[in-house]
Amino acid sequence: MHPVLRTVLQRLGLGIVTLLAVSVIIFSSLEMLPGGYAENILGQSATPETVAAFKRDLGLDRPATVRYFEWIGKAVQGDFGSSYSGLSGSLKRDVSATIAPRLYNTFFLAAIAALIAVPLALLLGAMAALYRNSWFDRIVNSVTLTTIAMPEFFIAYILVYVFAVKLRLFYPNSTVSIGTPFLEHLYRAALPAITMTLVIIAHMMRMTRAAIINLLASPYIEMAQLKGVSKSDVIRHHALPNAWAPIATVIAFNLAYLVVGVVVVEVVFVYPGIGQLMVDAVSSRDMPVVQACALIFAATYILLNLLADIVSIVTNPRLLHPK
Amino acid sequence: MNTASAPLRNVKARRSVMESIRRNLKTAPLTAWFGMIVILIYAFCAIFAPLLAPYGESQIVGGAYDLPNSLTWLGTDQIGRDLLSRLIFGARNTIGIALITTLLSFLVGGSLGVAAALQRGWLDQGVSRVVDAFLAIPVLIFALMMLAVMGKSNPWPEVFGTFPLNLIIILALLDATRVFRLARAVALNAAVMDYVESARLRGEGMSWIVFKEIVPNILPPLITEFGLRFCFVFLTIAALSFLGVGIQPPTADWGSMVSESKQLISFGRPAPLYPAAAIALLTVAVNFVVDWFLHKTSGLRDGH
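Only a predicted model underlies this, so the values are computations on that prediction, with no experimental measurement involved.

Some remarks on the overall build of chain A
- Helix and strand counts for chain A stand at 14 helices and zero strands.
- Counting helices and strands in the order they occur from the N terminus, chain A gives α-α-α-α-α-α-α-α-α-α-α-α-α-α.
- Referenced to the eigenvectors of the C-alpha coordinate spread, the extents of chain A come out at roughly 85 × 60 × 35 Å.
- Expressed as a percentage of its 323 residues, the buried residues of chain A come to 35%.
- Across chain A, contacts joining residues at least 24 apart in sequence account for 72% of those joining residues at least 6 apart.

Some thoughts on unusual backbone geometry
- Of the consecutive residues B:P249 and B:P250, the connecting peptide bond is found in the cis state with omega at 10°.
- Counting through the fold element by element, B:P250 comes out in the loop between α10 (206-242) and α11 (254-260).
- Positioned with a positive phi, A:R168 is a non-glycine residue whose angle comes to about 55°.
- By secondary structure assignment, the location of A:R168 is in the loop between α7 (152-166) and α8 (182-188).
- Residue A:R168 is classed as exposed on the basis of its 9 C-beta neighbours within 10 Å.
- Of note, B:R120 is a non-glycine position whose phi angle comes to about 50°, a positive value.

Remarks on the interface of chain A and chain B
- Listed per partner, the contact involves 44 residues of chain A and 39 residues of chain B.
- Among the secondary structure elements, those contributing two or more residues to the side of chain A that touches chain B are α1 (3-28), α2 (37-42), α6 (135-148), α7, α9 (190-216), α11 (231-268), α12 (274-284) and α13 (287-314) of chain A.
- Residues of the side of chain A that touches chain B, tallied by class, amount to 37 nonpolar, five polar and two charged.

With respect to the environment of A:P288
Residues and elements named next belong to chain A.
- Note on placement: P288 falls in helix α13.
- When the 21 C-beta atoms within 10 Å are taken as the criterion, P288 is described as buried.
- Residues contacting P288, with those up to four places away along its chain left out, are F80, G81, S82, S83, Y84 and V95.

Brief notes about the nonpolar core
- One finds B:A143 and B:L144 to be the most contacted residues of the largest nonpolar core, which totals 157 residues.
- For this core, the leading source of residues is helix α8 (residues 165-191) of chain B, giving 15 residues.
- Setting aside its immediate chain neighbours within four residues, B:L144 contacts A:M278, A:V279, A:V282 and B:V245.

As for the environment of B:L188
- Relative to the helices and strands, B:L188 resides in helix α8.
- B:L188 sits in the partly exposed class, given 17 other C-beta atoms within 10 Å.

Looking at the packing of helix α9 (residues 194-201) of chain B against α10(B)
All names here are of chain B.
- Two numbers describe how α9 lies on α10: the axes approach to 10 Å, and their chain directions differ by 155°. The orientation of α9 with respect to α10, classified from their angle, is roughly antiparallel. Where α9 crosses over α10, the handedness of that crossing is right-handed. Residues Y195, V196, A199 and R200 of α9 lie in contact with α10, whose contacting residues are W208, I209, E213 and I214.
- Grouping the constituent residues of the contact of α9 with α10 by class yields six nonpolar, no polar and two charged.

Quick notes on the environment of A:D286
Residues and elements named next belong to chain A.
- Tracing the sequence through the fold places D286 in the loop between α12 and α13.
- With 23 C-beta atoms counted inside 10 Å, the residue D286 sits in the buried group.
- C-alpha separation for the pair D286 and S83, spaced 203 residues apart in sequence, amounts to 6.7 Å.

Considerations on α10(B)
Residue and element names in this part refer to chain B.
- When the terminal C-alpha atoms of α10 are compared, their 45 Å separation across 37 residues is substantially less than the 54 Å that a helix rising 1.5 Å per residue should span.
- The principal kink in α10, of about 50°, is found at L219, preceding the proline P220 by one to four residues.
- Two residues or fewer after α10 comes G244, characterised by a positive phi angle close to 90°.

Some details on the packing of helix α4 (residues 83-119) of chain B against α8(B)
Residue and element names in this part refer to chain B.
- Where α4 meets α8, the closest approach of the two axes is 6 Å, and the angle between their N-to-C directions is 40°. Accordingly, the angle class assigned to the pair α4 and α8 is oblique. For the element pair α4 and α8, the recorded crossing hand is right-handed.
- Among the residues making up the contact of α4 with α8, the classes are represented as 21 nonpolar, six polar and two charged.

As for α12(A)
Residue and element names in this part refer to chain A.
- When you tally the buried positions in α12, you get eight out of eleven residues, the bulk of the element.
- Buried within α12 are the following residues: I274, G275, Q276, L277, M278, V279, A281 and V282.
- Phi turns positive, to about 55°, at R285, one or two residues after α12.

Section: the confidence of the model for chain B
Residue and element names in this part refer to chain B.
- For chain B, per-residue confidence averages 85 on the pLDDT scale, and residues scoring 70 or more make up 93% of the total.
- Here residues 299-304 scores under 50 on pLDDT; set against residues more than four positions off or in separate chains, the count is eight contacts.
- With pTM at 0.87, the complex prediction returns an ipTM value of 0.84.

The rules behind these values
- Residues numbered from 1 in each chain as written.
- Chains lettered and ligands numbered in written order.
- Predicted model: local features only at pLDDT ≥ 70, side-chain atom pairs only at ≥ 80, totals over all residues.
- Helix = DSSP H or I, 4+ residues; strand = E, 2+ residues; numbered from the N terminus.
- Buried ≥ 20, exposed ≤ 12 C-beta atoms within 10 Å, placed from the backbone.
- Contact = placed C-beta atoms within 7 Å.
- Nonpolar A, V, L, I, M, F, W, Y, C, P; charged D, E, K, R; others polar.
- Core = buried A, V, L, I, M, F, W, Y, C linked by C-beta atoms within 7 Å.
- Axes fitted to C-alpha atoms, helices over the stretch in contact; angles between N-to-C directions.
- Parallel < 35°, antiparallel > 145°, perpendicular 65-115°, else oblique.
- Left-handed = near helix turned anticlockwise from the far one by under 90°.
- Expected span 1.5 Å × (residues − 1).
- Bend = angle between axes of the 7 residues up to and from the residue.
- pLDDT = per-residue confidence, 0-100.

Next comes the structure, spelled out in structure tokens:
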């Protein structure tokens, strides 16, 4: 078998194992509570009969292994069961139906942020690396160190204060619904998208800069320069083929960071995404929704990292041209 | 570095600790000075909060959402408590809880990491695999989920009130997985050094090897990591409190203060920006100091 294919398959297998392990952790979080979830929710004064009835209603009385396989089997098909909220009523809320439109909104937001942030950060990071120790590099370095350290909501509220309240260019709240037209959606999602862009651009630029400086310091680049190869050829033929791996890692790492940052930003702008849904579900301790959201976030995070690994394997010149 | 040119001297007559601190401070860049001064001011506010604050932590001094005036310089919050006083008490609560969490995380992660590096075998394998699985989940997401399971404050509300014990334990354990990785890696490097081998052959006990040989040599990267992890924990707690599931009212805390006063921004009042700026300034300051420390002590984590 070709070494690239073998390494990719190995990495894929590892990724699947990680996903399974994470799904077990997410599922068993409910079991870890000393005394159990039902007792904790109902309080110490609850009679054993009430606890048993509560457990029976939620299906918690069956063995954990049975429930795990049922849960994960349905989750793979996109069915996350029914929500705990409104349990006493006759109407059971379907978790997947609640999540689907919000998932679209969140991916919409993340996609816009990524489309702006990735090219910009790579360009600025590469420039900072090529013109190292210039005034441009120094300014970039202090500015990014400052923005990295700031909480997302600080950046978000500064943007709201300046652009929505003082200049009145945008709305302070990004309320969208299923019927919102595309351009209107884009306009309303602009402020949260800019916030997310600012949050990840700093990380991404610093990592790109470090990766490229690291690359340009390698002996084969020096060798090419000493050989008299022109500067553009050094970059195109010697640096770039080896740069794909670190760049892919940088992009994936920061897109994964975006997945987490989206939670806070959605709450600031009251944007109806999956992050806000998860926070609401945590407050009301609606476990099926919390677990579904956690699984989606964790799976996205793992898959992005997996993708980066595969890109760096596939573009690795040493593996592509085995001896 | 240039010891070769220096004349041989008595090894025992090393610089005293105070002297070397003074020498290092003299060469510190402006950003590091800025960071250290800011941290000192925060520490001062946190320690002397009751003396500095004009009013009590949950004392009601005016109407809801009063505008800034001569009595309450930054105005009041939704039930009429002085924002400035709560900002000052917030230093104590927010930083204190983040510091406890980080210390706990280093205690657990650091000792497990060193133990795994020295013991190897099943302990190392077992803990490392579990940690690998936990590293694949973003901390904020996992913390949110565990807070949903365990509840927001603590299991004994009649004893501890709204003290965020659950939050501290959850975050400390999650963060310990990150500390474990670093502690194990640096301890593994130190454990194969000749001085450890010679201590072993000398017949020193385990505690000597750990505390006299390994720990002093892995301290610089761990101290740098402590600064970075503190920032991370501090920001995560602030985010969780902002989301309403972290530190619970009536405790004055910056994250919750941002969320409590967030409606005011639509009326053109920058009230949520004050606590948010307080958080940002501290993390920026710690980052500046860590950045300088990183440059001083080897390029172990150069880059980001």
